[in-house]
Amino acid sequence: MSSKLWGGRFTQPTDKFVEEFTASIEFDQRLYAYDIQGSKAHAEMLGRQEIISSDEAKQIIVGLDEIMKGIEAGKIEFSVALEDIHMNIEARLIERIGAVGGKLHTGRSRNDQVAVDIRLYLRDEIDSILSYLAALEGSLIKQARENLDVIMPGYTHLQTAQPVLYSHHMLAYREMIARDISRLQDLRTRFNVMPLGAGALAGTTFNIDREWVAEQLGFDGVTRNSLDSVSDRDFAIEFCSFASILMMHLSRLSEELVLWSSADFNFIELSDAFCTGSSIMPQKKNPDVPELVRGKTGRVYGNLMSLLTLMKALPLAYNKDMQEDKEPLFDTLDTIKGSLKIFADMITEMAVKGGNMRVAAARGFSTATDVADYCVRKGLPFRQAHEVVGRTVRYCVENNKDIPELSLAEFQKFSELIEADIYDYVTLEASVNARKSTGGTAREAVERELARLAE
Ligand code: ARG
């Protein structure tokens, strides 16, 4: 005789270590509220469909509510012998309300139950992640709005390329976060369909009402194939790919924040609240938060790989392998929630050293393209203009001068097309503000963008 809910077929007890090895209760207990939510809707449906009596349904629902309170009050201890959250809750229910509790699992299996639980859980988590993403988007926009005067070097190959507004740089990250938001909304729509009713794999012999349960649980509809319903983990993989792309974005911003807060760049100062000191070097203020977020990107990519590998070549339908879907998913959720939360505050409190950015922007011949464009407007083909300015820059390097410091005579050594008005084109402001096209860095283009975002 076995005390297991599935013990009927067995004559010997499970090996103790096998019990521990196969149990998921240690990590799937975080699904308890969703397991109860799904079970309540299922029980009510069983009553409505007269598969069980309405009194039995009521007893089950009341019992589940009590278990919910018990768990929330920390009064319920989970047992490894009961394997997972589903059987822990069901066993408790039977303990509390007696044999009628055993009717809850009618027309259902743990395979469709776990599929519905994860979806309910993930859906809630996605809704809170969407609000974290909106907060980060808001802090990027705020940085942009408050620093419209700041000009910084724009880079390609991490070499000074052309001056840009710091606001423009911040809004570039806003674009990435906006795409992340849209990706997340998109995948949420795709997976918000209810798998319950698939049974173990083939459907159920009972006259259940899946559509009604789906509506109760806030799903947009029901899944269309029972085999797929219990074996699909695409949504977890899609979520982890969304998360990987998000972390890739955060790692890029992290890298820039680390560089910018070094003494060599000295573009920003992170608030003390987000840094730590060194135990040996008293002068150090380390940008730990962006460094850690950059580092955590690795585990999120790893989780995506775990899930893809977990699901690879699995035959239909449910396989126990799939119990391994939870830890990578949960770890991804925890990691991105933490990273987003801390980033939104850190960006809001970051101090911008506009003067230093400006000095750096003026170095490295950042307005060379503007001289070339000037020559083009005077009639020179761009390739020739490129050559002219190339020689001008070489002259500057050899004579340790910057482009705006050249005299008109010096300019004219390289092209007679250059006249006194060149000086109107080679300042940082002129260079930035000349790039007015939509998506450009000119102050008016950036202000237009900020106004659009404010709508
Ligand atoms: N703990 C299991 C999981 O997370 C629940 C489903 C178990 N189904 C089964 N047939 N053993 O995958």
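Below is a summary of the structure that appears in this document. (Residues numbered from 1 in each chain as written. Predicted model: local features only at pLDDT ≥ 70, side-chain atom pairs only at ≥ 80, totals over all residues. Heavy atoms only, no water.)

## Here we look at the overall build of the protein chain
Phase 1 of the analysis: A count of helical and extended segments in the protein chain gives 18 helices and four strands.
Phase 2 of the analysis: Taken over the C-alpha trace, the protein chain has a radius of gyration of 31 Å; the compact-globule value for 455 residues is 23 Å, which it surpasses by more than 25%.
Phase 3 of the analysis: For the C-alpha atoms alone, the extent of the protein chain along its principal axes is close to 100 × 50 × 40 Å.
Phase 4 of the analysis: A separation threshold of at least 6 residues defines the contact pool for the protein chain, and within that pool the share at least 24 residues apart is 75%.
Phase 5 of the analysis: For the protein chain, the exposed surface amounts to about 21,900 Å²; the carbon and sulfur share of it is 52%.
Phase 6 of the analysis: Looking at the protein chain, you have 52 positive and 68 negative side-chain charges, and the mean spots of the two groups are 1 Å apart. (Helix = DSSP H or I, 4+ residues; strand = E, 2+ residues; numbered from the N terminus. Rg over C-alpha atoms; globule rule 2.2 N^0.38 Å. Contact = heavy atoms within 4.5 Å. Areas by Shrake-Rupley, 256 points an atom, 1.4 Å probe, with all protein chains shown as cover. Lys, Arg positive; Asp, Glu negative; His and termini not counted. Charge placed at Lys NZ, Arg CZ, Asp CG, Glu CD.)

## Focus: empty space enclosed by the protein
Phase 1 of the analysis: Evaluation of the coordinates by the stated rule reveals one cavity of 30 Å³ or more.
Phase 2 of the analysis: Taken as a whole, the largest cavity holds about 40 Å³ of empty space.
Phase 3 of the analysis: The wall of the largest cavity is formed by His42, Met45, Gly107, Met194, Leu196, Gly197, Ile208, Asp209, Arg210 and Val213.
Phase 4 of the analysis: Elements supplying a minimum of two residues to the lining of the largest cavity: helix H3 (32–48) and helix H8 (210–216).
Phase 5 of the analysis: Of the residues in the lining of the largest cavity, the class split is five nonpolar, three polar and two charged. (1 Å grid on protein atoms, 1.4 Å probe; cavity = no way out; pocket = protein on both sides within 12 Å on 5 of 7 lines; lining within 4 Å. Points joined across faces, edges and corners; volume = space filled by probe spheres on them. Nonpolar A, V, L, I, M, F, W, Y, C, P; charged D, E, K, R; others polar.)

## Side note on the side chain of Asn111
Phase 1 of the analysis: As for its position among the elements, Asn111 is in helix H6 (residues 110–146).
Phase 2 of the analysis: Here Asn111 falls in the buried class, since its relative accessible area comes to 15%.
Phase 3 of the analysis: Side-chain polar atoms of Asn111 contact the backbone oxygen of Ala200, separated by 3.1 Å.
Phase 4 of the analysis: Sequence-distant contacts of Asn111, defined by excluding residues within four places in its chain, comprise Gly199, Ala200, Val230 and Tyr318. (Buried < 20%, exposed > 50% of the residue type's maximum accessible area, 1.4 Å probe, protein only. Polar contact = N/O pair within 3.5 Å; in protein donor to acceptor, adjacent residues only side chain to side chain.)

## Focus on the pattern of salt bridges
Phase 1 of the analysis: For the structure on display, the rule yields 36 salt bridges.
Phase 2 of the analysis: Taking the shortest distance from any N to any O, the salt bridge between Arg110 and Glu83 comes out at 3.1 Å. With Arg110 in helix H6 and Glu83 in the loop between helix H4 (54–72) and helix H5 (85–97), this pair connects stretches of sequence that are 27 residues apart. (Salt bridge = Lys/Arg side-chain N within 4 Å of Asp/Glu carboxyl O.)

## Comments concerning the packing of helix H11 (residues 288–311) against helix H12 (residues 326–348)
Helices that pack against each other are described as a pair by the angle of their axes relative to one another and the distance between those axes.
Phase 1 of the analysis: The geometry of H11 relative to H12 is characterised by a closest axis approach of 10 Å and an angle of 155° between their N-to-C directions. As judged from the angle between their axes, H11 and H12 are roughly antiparallel. Classified by chirality, the crossing of H12 by H11 is left-handed. Contacts from Val289, Pro290, Val293, Lys296, Arg299, Val300, Asn303, Ser306 and Leu307 in H11 reach Pro328, Asp331, Thr332, Thr335, Ile336, Ser339, Ile342, Phe343 and Met346 in H12.
Phase 2 of the analysis: Along the lines of polarity and charge, the residues of the contact of H11 with H12 split into 10 nonpolar, five polar and three charged. (Axes fitted to C-alpha atoms, helices over the stretch in contact; angles between N-to-C directions. Parallel < 35°, antiparallel > 145°, perpendicular 65-115°, else oblique. Left-handed = near helix turned anticlockwise from the far one by under 90°.)

## Notes on the site of the ligand
Phase 1 of the analysis: The immediate surroundings of the ligand are formed by Ser24, Asp84, His86, Arg110, Asn111, Val114, Tyr318, Gln323 and Lys326.
Phase 2 of the analysis: Contacts to the ligand include Tyr318, whose side-chain N or O atom sits 2.5 Å from an oxygen atom.
Phase 3 of the analysis: The fraction of the free accessible surface of the ligand (350 Å²) that becomes covered by protein chains is 86%.
Phase 4 of the analysis: Considering only residue class, the shell around the ligand consists of two nonpolar, four polar and three charged. (Near = heavy atom within 4 Å.)

## Things to note about the pairing of strand E1 (residues 151–156)
Phase 1 of the analysis: By the bridge criterion, six bridges tie E1 to strand E2 (residues 159–165) in an arrangement that is antiparallel. The residue bridging Met152 from the neighbouring strand is Val164, located in E2. (Pairing = 2+ DSSP bridges.)

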